[in-house]
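# Reading the structure
These are the residues of each chain, in order.
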Amino acid sequence: MRGKISEENVFYIVENINVAEIETTLWSMEWAIAELVNHPTVQQKIRDEISTVLKGKSVITQIPKETKVVVNAWWLANNPAWWNHPNEFRPEQFLEEDGGTEAAVAGGKVDFRYLPFGIGRRSCPEIILALPILGLVIAKLVSNFNMQAPPGEGKVDTSEKGGQFSLHFAKHSTVVFKLVAA
Ligand code: HEM
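Residues numbered from 1 in each chain as written. Predicted model: local features only at pLDDT ≥ 70, side-chain atom pairs only at ≥ 80, totals over all residues. Heavy atoms only, no water.

### A short note on the environment of asparagine 18
Structurally, asparagine 18 can be placed in helix 1 (residues 7-38). Sequence spacing of asparagine 18 and arginine 2 is 16 residues, and the spatial spacing of their C-alpha atoms is 25 Å. (Helix = DSSP H or I, 4+ residues; strand = E, 2+ residues; numbered from the N terminus.)

Shown next, in the form of structure tokens:
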């Protein structure tokens, strides 16, 4: 059946796209909210930055054909030899420690230590959709709400367990949203 798409192929493709879009985006959002709940000062930094900015408005390697390459993107982003404090939730580390290099393949700068969407011709086609959506939703939430752990609980539990695509929460938590005073 070379060159033909069967019914089974179509089911597989649709299922694959569903997993690729839902697990990744939804769980990224969940992680962001949990870390922000546990780091209220970062929430405030985001609010401050939003109000300040808006002001009220190659290394070429020969790899034999058909080689399967599995990149441990988690370790690239968490290796203490490459990042100052990889275990801390400090979003600004990506601005402070920017290690972008020109990469012809991507047509711009790429930091090869941080590849959540992969790189190259099989990288995530929806980076253009997922990044703005995540940024806008988190910015809107943090602008309007103080996100907190439920009364009596200091932090939400960010223990993780493996998923098919992304790490997910071992135990889901309830989070409290309080309107930020106008
Ligand atoms: C935070 C959100 C997302 C993350 C972190 C993410 C991450 C990734 C990664 C790491 C890959 C594999 C790249 C590789 O094989 O080297 C990938 C592929 C893919 N993603 Fe995403 N993704 C996200 C959102 C989405 C969304 C919203 C969609 C669809 C609406 C989507 C559709 C796909 C598809 C179709 C592929 C396969 C591309 C191919 O094999 O040519 N992703 N994604």
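After presenting the structure, the write-up continues.
### Brief notes about the site of the ligand
Near the ligand you find 15 residues, and of these Thr24, Pro116, Arg122, Cys124 and Glu126 are the closest. Taking alanine 20, its main chain carries an N or O atom lying 3.4 Å from a nitrogen atom of the ligand. In this structure, an oxygen atom belonging to the ligand sits 2.6 Å away from a side-chain N or O atom of arginine 122. Of all the secondary-structure elements, those providing two or more residues to the shell around the ligand are helix 1 and helix 5 (127-144). Counting residues per element, the shell around the ligand draws most heavily on helix 1, at five residues. Along the lines of polarity and charge, the residues of the shell around the ligand split into seven nonpolar, five polar and three charged. (Near = heavy atom within 4 Å. Polar contact = N/O pair within 3.5 Å; in protein donor to acceptor, adjacent residues only side chain to side chain. Nonpolar A, V, L, I, M, F, W, Y, C, P; charged D, E, K, R; others polar.)

### A short note on unusual backbone geometry
Of note in the backbone geometry, glutamate 66 takes a positive phi value of approximately 70° without being a glycine. Among the structural elements, glutamate 66 can be located in the loop between helix 2 (40-54) and helix 3 (73-78).

### Remarks on the packing of aromatic side chains
The tally for this structure, following the rule as stated, stands at five aromatic pairs. Their ring planes at 75° and their centres at 5.5 Å tell us that tryptophan 83 and phenylalanine 94 sit as a pair that is edge-to-face. Highlighted residues: tryptophan 83 in the loop between helix 3 and helix 4 (93-96) and phenylalanine 94 in helix 4, separated in sequence by eleven residues. Tryptophan 83 sits in the buried class, given a relative accessible area of 2%. (Phe/Tyr/Trp six-rings, centres within 6.5 Å; stacked < 30°, edge-to-face > 60°. Buried < 20%, exposed > 50% of the residue type's maximum accessible area, 1.4 Å probe, protein only.)

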